[in-house]
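As a plain string of letters, each chain reads:
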Amino acid sequence: MDVSLTMWATTVLALLVLIAVDFLIGRKPHDVSIKEAGIWTTVWIVLAVLFGLVLLFMGETKASGEFFAGFITEKSLSVDNLFVFVLIMAKFAVPSHLQQRVLLVGVLIALVLRAIFIAAGAAIIASFSWVFYIFGAFLIYTAWKLIKEASSDEPDEEYEENRLLKSVEKRFGVADRYHGTKLFIRNNGKRVLTPLMVVMLAIGTTDVLFALDSIPAIFGLTQDPYIVFTANAFALMGLRQLYFLIGGLLRKLVHLSYGLSVILGFIGVKLVLHALHESGVPVPEISIPLSLSVICGVLVVTTITSLIASRRQTAAEEREKESTDV
């Protein structure tokens, strides 16, 4: 897709306006209700769908299909991020009325860092086509790793601060309690971070680790930097509301990791086939319509089987409790 500098500038400006509106509406710290989260989750999804349809009406059929495939993939991978966000919120004991502010700023940090990743990825791909082999192999390895972790009887339930975060805390110091929405305070004449600033950095920098598989995954669906960026932007900007909407349902998505592993493995194979095709090897390539069908199908099946498994688990626990009471 041929994207002019004007179109890039217009897109970024439009996103900044949407972010500003989102920030103004949620500027006052408060507990986010299910209704509010549901409305804004719907708004962001509708905006993403409208964007994809605009591309379609512009005659960019291929770009539209790539955007929808990329958006759905990034959205599904971002749901997995929410598990870690829950652990971060618990570790830092973030007050419920401040959580929406933490997520808004944390997601903005993640969006900026992902934009840098996308620019770097696009430059590497443009210069070295063999990088598709590396991306494909990495995604297949990540898929295997996800299955291994999902099958483990002792899943990791502890969030561990990364080195960057520890170094920042050591350099600036951290206050011993929250001070409303303040990010810095004066403590004995020294400027120190508040726990709110630390947890924002934790959310933003932790997302970069997830970008290590999500960015190669979307480059497996499209090599257009504009589509990669917009799909990531729409997926991330609705993440805050999604956190509050399905926070209580996360534990019920017991098969999500299996579904994501299938998706990442599938895209990994797609990347390897594309790399072979670019090298002159006569192998079939996986089309975007097929990719979109596989991604949607896996997510639907995963959701259904997760809910069935959760319902059976709940029923079994209730029976066990009744037998114990008797």
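Residues numbered from 1 in each chain as written. Predicted model: local features only at pLDDT ≥ 70, side-chain atom pairs only at ≥ 80, totals over all residues. Heavy atoms only, no water.

## Structural notes on the nonpolar core
Here is step 1 of the chain: Ranked by internal contacts, the top residues of the largest apolar core, which has 84 residues, are Phe67, Phe85, Ile88, Phe92, Val94, Val102 and Phe219.
Here is step 2 of the chain: Ranked by residues supplied to this core, first place goes to helix α7 (residues 195–219) with 13 residues.
Here is step 3 of the chain: Residues contacting Val94, with those up to four places away along its chain left out, are Met89, Gln99, Val102, Tyr178 and Val199. (Core = buried A, V, L, I, M, F, W, Y, C linked by side-chain atoms within 4.5 Å. Buried < 20%, exposed > 50% of the residue type's maximum accessible area, 1.4 Å probe, protein only. Helix = DSSP H or I, 4+ residues; strand = E, 2+ residues; numbered from the N terminus. Contact = heavy atoms within 4.5 Å.)

## A short note on unusual backbone geometry
Here is step 1 of the chain: One non-glycine residue with positive phi stands out, namely Ala93, at about 50 degrees.
Here is step 2 of the chain: Inspection of the secondary structure puts Ala93 in the loop between α3 (61–91) and α4 (99–127).

## Here's the deal with the packing of helix α2 (residues 34–57) against helix α8 (residues 225–237)
Here is step 1 of the chain: Where α2 contacts α8, the two axes come as close as 9 Å, and the packing angle between them is 160 degrees. As far as their axial angle goes, α8 and α2 are roughly antiparallel. Relative to α8, the crossing made by α2 is left-handed. On α8, the residues that touch Trp44, Leu47, Ala48, Phe51 and Leu55 of α2 are Tyr226, Ile227, Thr230, Phe234 and Met237.
Here is step 2 of the chain: Classifying every residue of the contact of α2 with α8 by side-chain character gives 9 nonpolar, 1 polar and no charged. (Axes fitted to C-alpha atoms, helices over the stretch in contact; angles between N-to-C directions. Parallel < 35°, antiparallel > 145°, perpendicular 65-115°, else oblique. Left-handed = near helix turned anticlockwise from the far one by under 90°. Nonpolar A, V, L, I, M, F, W, Y, C, P; charged D, E, K, R; others polar.)

## A word on the packing of aromatic side chains
Here is step 1 of the chain: Considering all chains together, one arrives at 9 aromatic pairs under this definition.
Here is step 2 of the chain: Seen in terms of ring centroids, Trp8 and Tyr226 are 5.1 Å apart; in terms of plane orientation they differ by 90 degrees. Their pairing is edge-to-face. With a gap of 218 residues between them, Trp8 in helix α1 (residues 5–25) and Tyr226 in helix α8 connect regions that are remote in the sequence.
Here is step 3 of the chain: Of the residues examined, Trp8 reaches a relative accessible area of 27% and is grouped as partly exposed.
Here is step 4 of the chain: On the basis of relative accessible area, Tyr226 is assigned to the buried category, the value being 1%.
Here is step 5 of the chain: In this arrangement the basic side chain of Arg171 is found over the ring face of Phe172, its NZ or CZ atom lying 5.1 Å from the centre.
Here is step 6 of the chain: When the ring centre of Phe184 is taken as reference, the NZ or CZ atom of Arg191 above it lies at 4.3 Å. (Phe/Tyr/Trp six-rings, centres within 6.5 Å; stacked < 30°, edge-to-face > 60°. Lys NZ or Arg CZ within 6 Å of the ring centre and 35° of its normal.)

## Structural notes on α8
Here is step 1 of the chain: Under the 1.5 Å per step criterion, the end-to-end length of α8 is 18 Å for 13 residues, consistent within 8% with the ideal 18 Å.
Here is step 2 of the chain: Of all 13 residues in α8, 12 are buried, a share of seventy percent or more.
Here is step 3 of the chain: When α8 is considered as a whole, its buried residues turn out to be Tyr226, Ile227, Val228, Phe229, Thr230, Ala231, Asn232, Ala233, Phe234, Ala235, Leu236 and Met237.
Here is step 4 of the chain: At the N-terminal end of α8, a side-chain oxygen is found 3.0 Å from the backbone nitrogen of Tyr226, two or three residues along, and the residue is Asp224. (Expected span 1.5 Å × (residues − 1). Polar contact = N/O pair within 3.5 Å; in protein donor to acceptor, adjacent residues only side chain to side chain.)

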